[in-house]
Amino acid sequence: NGIATLIEKAKNKVAVYLNTETTLLYWNIGLFLLQELKQKNQIVYGKQILVTLSQDLIEQFGKGFTYTALTRMMKVAELFPEQKIATLSQQLSWSHLIELAHIEDKIRVAQYLTELPSKEWFAKKLHKALEIAKERVK
């Protein structure tokens, strides 16, 4: 049991490190693209450039660099400054940052403050969170 615990702790550390580094990589790619397009005054042609670039990157590094993925990288880099991304990348996954980047307003938060969901809703959410946590540990 002691060895199994050590292995599980190491796996969790590796997962957190990998998530952090992947998030920072994608953020840096987005920042690089934003800076390059602005510097060369090619924002207007950005879509065409990203289509070509994504095809090259997919060929070289795999399917994680689609046009959509590159535009998401740019959006996250634009919304989250460098001093915050280091902290956020240790606490949130890349998919969480993408979801946050798509929120146009925070009205949803205000709804929760004025109208709380039912106890059943909270119980379902807690149960789902426990299931996800158990799956991640495996």
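You'll find the structure just up there.
In this report, we go over the structure that sits alongside the text. Worth saying up front: this structure is predicted, and the values here are computed from it rather than measured. (Residues numbered from 1 in each chain as written. Predicted model: local features only at pLDDT ≥ 70, side-chain atom pairs only at ≥ 80, totals over all residues. Heavy atoms only, no water.)

## Thoughts on the pattern of salt bridges
Under the defined criterion, the tally for this structure stands at 1 salt bridge. Between E8 and K11 there is a salt bridge; the shortest N-O distance is 3.9 Å. Highlighted residues: E8 and K11, both in helix α1 (residues 2-39), separated by 3 residues, approximately one helical turn. (Salt bridge = Lys/Arg side-chain N within 4 Å of Asp/Glu carboxyl O. Helix = DSSP H or I, 4+ residues; strand = E, 2+ residues; numbered from the N terminus.)

## Description of the layout of surface pockets
The calculated volume of the largest pocket comes to roughly 330 Å³. Forming the walls of the largest pocket are 13 residues, and the residues nearest its centre are N12, A15, V16, N19 and R136. When residues of the lining of the largest pocket are traced back to their parent elements, those giving at least two are α1, α4 (82-91) and α7 (119-137). It is α1 that contributes the most residues to the lining of the largest pocket, 5 residues altogether. For the lining of the largest pocket, the residue count by class is 4 nonpolar, 8 polar and 1 charged. (1 Å grid on protein atoms, 1.4 Å probe; cavity = no way out; pocket = protein on both sides within 12 Å on 5 of 7 lines; lining within 4 Å. Points joined across faces, edges and corners; volume = space filled by probe spheres on them. Nonpolar A, V, L, I, M, F, W, Y, C, P; charged D, E, K, R; others polar.)

## Overview of the packing of aromatic side chains
Scanning the entire structure with this criterion turns up 3 aromatic pairs. An angle of 85° between the planes, with centres 6.3 Å apart, marks the rings of Y26 and F65 as edge-to-face. Placement of the pair is Y26 in helix α1 and F65 in the loop between α2 (46-61) and α3 (67-79), with a sequence separation of 39 residues. F65 carries the same exposure label as Y26, and that label is buried. Through pairs of rings, three or more aromatic residues link up here, namely Y26, F61, F65 and W94. (Phe/Tyr/Trp six-rings, centres within 6.5 Å; stacked < 30°, edge-to-face > 60°. Buried < 20%, exposed > 50% of the residue type's maximum accessible area, 1.4 Å probe, protein only.)

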